[in-house]
Amino acid sequence: MNPQAKLIFTTSLLLGTTITISSNHWILAWTGLEINTLAILPLISKSHHPRAVEAATKYFLVQAAASALVLFSSMTNAWHTGQWDITQLTHPTSCLILTSAIAIKLGLVPFHFWFPEVLQGSPLTTGLLLSTAMKFPPITLLFMTSQSLNSTLLTTMAIMSTALGGWMGLNQTQTRKILAFSSISHLGWMAIIITYSPKLALLNFYLYTLMTAAVFLTMNSMKVLKLSTLMTSWTKSPALSTTLLLTLLSLAGLPPLTGFLPKWLIIQELTKQEMPLMATMISLLSLLSLFFYLRLAYCSTITLPPHTTNHMKRWHVHKPVNTQIAILTTLSIMLLPISPIILTIL
């Protein structure tokens, strides 16, 4: 892609996100979401492969429908209350429509079908943007309207997202699809807590972004698109494979790693809100996604491909260390000891 064009699209993404997260008026927030959608489309379809064009078309149709619903819910609220302020969303019907619209934008169950397909048709770097940066504006809208939202509806969607995100990722062999279902599962954890502790949901999102960015950039560096490629990557880059193992276990939420922190705090908050059943259910359902993280980790480090034929080993090249991956991986693994500092911010 032309560097000037790439610069324009990246700047538009930053502009759209900034407009949405800093606006008080619904029309401005909607404008920011539209700029974001239009800016990411060329980045999805830049390879001109039929799969990429299909992914871009699906993404456009889904996001256009969600944006129309955002506009409809804000207009309904303005009609009944005379308020265009985002934090003043009080009409129950508007709240339900907005919850559905944001769920479509994020890819929460039952509106999740587009997300794995779009991610599968996109390059890994665009996939990283779709999984992290493109979810930030909708999450901030949920954050700003969290006082008015229907917690029963969000809890139901959250439990379903964690269940289906884990269950549908079990038999996947494409890494991008596995990461898409991982994203759906993590969104479930954010959705269940957003009405009770919005700051905790945002903390979960930031840590999820950190770990997902580390995984995507590592896979992009190793050029891994499916599990069979991941199996042969050990000989090419052993250090990266080892850190990928730890980052995946952190995404799964295993105790000494960063990913355990948001899960621990969310379970604690749900128990305080007298929802021990939901806390137990979401914890047990996250074991499903733990299985495919362990499978990815197993493929990246422990297994060796079967030597049925003589095949060429990949060259083990001493490439310079990628600073971004090094910093992100370190943060993805080692933030748990400073959790008291993080808790003082909350």
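- An unreviewed UniProt entry annotates the protein chain as NADH-ubiquinone oxidoreductase chain 2 originating from Sitta carolinensis.
- Under the UniProt heading Catalytic activity (unreviewed entry), the entry covering the protein chain gives this text: "a ubiquinone + NADH + 5 H(+)(in) = a ubiquinol + NAD(+) + 4 H(+)(out)".
- Reading the Subcellular location (unreviewed entry) entry of the UniProt record for the protein chain gives the comment "Mitochondrion inner membrane".

## Here's the deal with the overall build of the protein chain
Okay, so step 1: A count of helices and strands for the protein chain gives 16 helices and 0 strands.
Okay, so step 2: The C-alpha atoms of the protein chain give a radius of gyration of 20 Å, which matches the 20 Å a tight globule of 346 residues would have.
Okay, so step 3: Overall, the C-alpha framework of the protein chain stretches about 75 × 50 × 35 Å when taken along its three principal axes.
Okay, so step 4: Expressed as a percentage of the 346 residues in the protein chain, the buried residues total 53%.
Okay, so step 5: Within the protein chain, residue pairs in contact and separated by at least 24 positions form 77% of the contacts whose partners lie at least 6 positions apart.
Okay, so step 6: Total accessible area computed for the protein chain in this model is approximately 15,400 Å², and 70% of it derives from carbon and sulfur atoms.
Okay, so step 7: Within the protein chain, one finds 18 positive and 6 negative side-chain charges whose respective centroids are separated by 20 Å.

## Remarks on the packing of helix H12 (residues 238–252) against helix H14 (residues 276–302)
Okay, so step 1: Between H12 and H14, whose axes approach to 9 Å, the crossing angle comes to 175°. Between H12 and H14, the angle falls in the class roughly antiparallel. For the pair H12 and H14, contact is made by Ser241, Thr242, Leu244, Leu245, Leu248, Leu249, Leu251 and Ala252 and by Leu290, Tyr293, Leu294, Leu296, Ala297, Ser300 and Thr301, respectively.
Okay, so step 2: Looking at side-chain class alone, the contact of H12 with H14 contains 11 nonpolar, 4 polar and no charged residues.

## Things to note about helix H5 (residues 114–121)
Okay, so step 1: When you tally the buried positions in H5, you get 7 out of 8 residues, the bulk of the element.
Okay, so step 2: For H5, the complete set of buried residues consists of Trp114, Phe115, Pro116, Val118, Leu119, Gln120 and Gly121.
Okay, so step 3: The elements touched by buried residues of H5 are helix H2 (26–44), helix H3 (50–81), helix H4 (92–106), helix H6 (124–131), helix H9 (175–193) and helix H10 (198–222).

## With respect to the pattern of salt bridges
Okay, so step 1: Here the structure, examined in full by the defined rule, presents 4 salt bridges.
Okay, so step 2: Two residues, Arg51 and Glu117, come together in a salt bridge whose shortest N-O distance is 3.6 Å. Placement of Arg51 in helix H3 and of Glu117 in helix H5 is noted, with a sequence separation of 66 residues between them.
Okay, so step 3: You can call Arg51 partly exposed: its relative accessible area is 32%.
Okay, so step 4: Given the relative accessible area of 27%, Glu117 is considered partly exposed.

## A look at the UniProt feature "domain: NADH:quinone oxidoreductase/Mrp antiporter transmembrane" (unreviewed entry) in the protein chain
Okay, so step 1: Within this numbering scheme, the UniProt entry marks residues 23–288 as carrying the feature "domain: NADH:quinone oxidoreductase/Mrp antiporter transmembrane" (unreviewed entry).
Okay, so step 2: Taken end to end, residues 23–288 has its terminal C-alpha atoms 38 Å apart, with 75% of it in helix and 0% in strand.

## Here's the deal with the side chain of Thr162
Okay, so step 1: Within the secondary structure layout, Thr162 lies in helix H8 (residues 151–168).
Okay, so step 2: Polar contacts involving the side chain of Thr162 include one to the main-chain carbonyl oxygen of Ala158, which spans 2.8 Å.
Okay, so step 3: The residues touching Thr162, leaving out its near neighbours within four places in the chain, are Ser185, Gly188, Trp189, Ile282, Leu285 and Ser286.

## Describing the domain arrangement of the protein chain
Okay, so step 1: For the protein chain, the assigned domains are domain 1 (1–129) and domain 2 (150–345).
Okay, so step 2: Centre-to-centre separation of domain 1 and domain 2, based on C-alpha positions: 24 Å.
Okay, so step 3: Domain 1 puts 22 residues into the contact, and the matching count from domain 2 is 27 residues.
Okay, so step 4: Three residues stand out in domain 1 for area buried against domain 2, namely Val109, Gln120 and Leu124, and they jointly supply 33% of the buried area on that side.
Okay, so step 5: The interface formed by domain 1 and domain 2 contains 1 salt bridge.
Okay, so step 6: Salt-bridge contacts for Glu117 lead to Lys177; the nearest nitrogen and oxygen are separated by 3.5 Å.

## Considerations on unusual backbone geometry
Okay, so step 1: Each neighbour pair has its own omega, and for Val109 with Pro110 the value is 10°, a cis peptide bond.
Okay, so step 2: One can find Pro110 in the loop between H4 and H5.
Okay, so step 3: Phi is positive for His48, which is not a glycine, with a value near 60°.
Okay, so step 4: With respect to the helices and strands, the residue His48 is situated in the loop between H2 and H3.
Okay, so step 5: His48 gets classed as exposed once you look at its relative accessible area, which sits at 67%.
Okay, so step 6: Not every positive phi belongs to a glycine, and Glu274 is a case in point at roughly 60°.
Okay, so step 7: For Glu274, the position within the fold is in the loop between helix H13 (260–272) and H14.

What counts as what
- Residues numbered from 1 in each chain as written.
- Predicted model: local features only at pLDDT ≥ 70, side-chain atom pairs only at ≥ 80, totals over all residues.
- Heavy atoms only, no water.
- UniProt positions renumbered as here; feature names shortened; annotations may be inferred.
- Helix = DSSP H or I, 4+ residues; strand = E, 2+ residues; numbered from the N terminus.
- Rg over C-alpha atoms; globule rule 2.2 N^0.38 Å.
- Buried < 20%, exposed > 50% of the residue type's maximum accessible area, 1.4 Å probe, protein only.
- Contact = heavy atoms within 4.5 Å.
- Areas by Shrake-Rupley, 256 points an atom, 1.4 Å probe, with all protein chains shown as cover.
- Lys, Arg positive; Asp, Glu negative; His and termini not counted.
- Charge placed at Lys NZ, Arg CZ, Asp CG, Glu CD.
- Axes fitted to C-alpha atoms, helices over the stretch in contact; angles between N-to-C directions.
- Parallel < 35°, antiparallel > 145°, perpendicular 65-115°, else oblique.
- Nonpolar A, V, L, I, M, F, W, Y, C, P; charged D, E, K, R; others polar.
- Salt bridge = Lys/Arg side-chain N within 4 Å of Asp/Glu carboxyl O.
- Polar contact = N/O pair within 3.5 Å; in protein donor to acceptor, adjacent residues only side chain to side chain.
- Domains from an automatic or database assignment.
- Buried area = accessible area lost by both parts, 1.4 Å probe.

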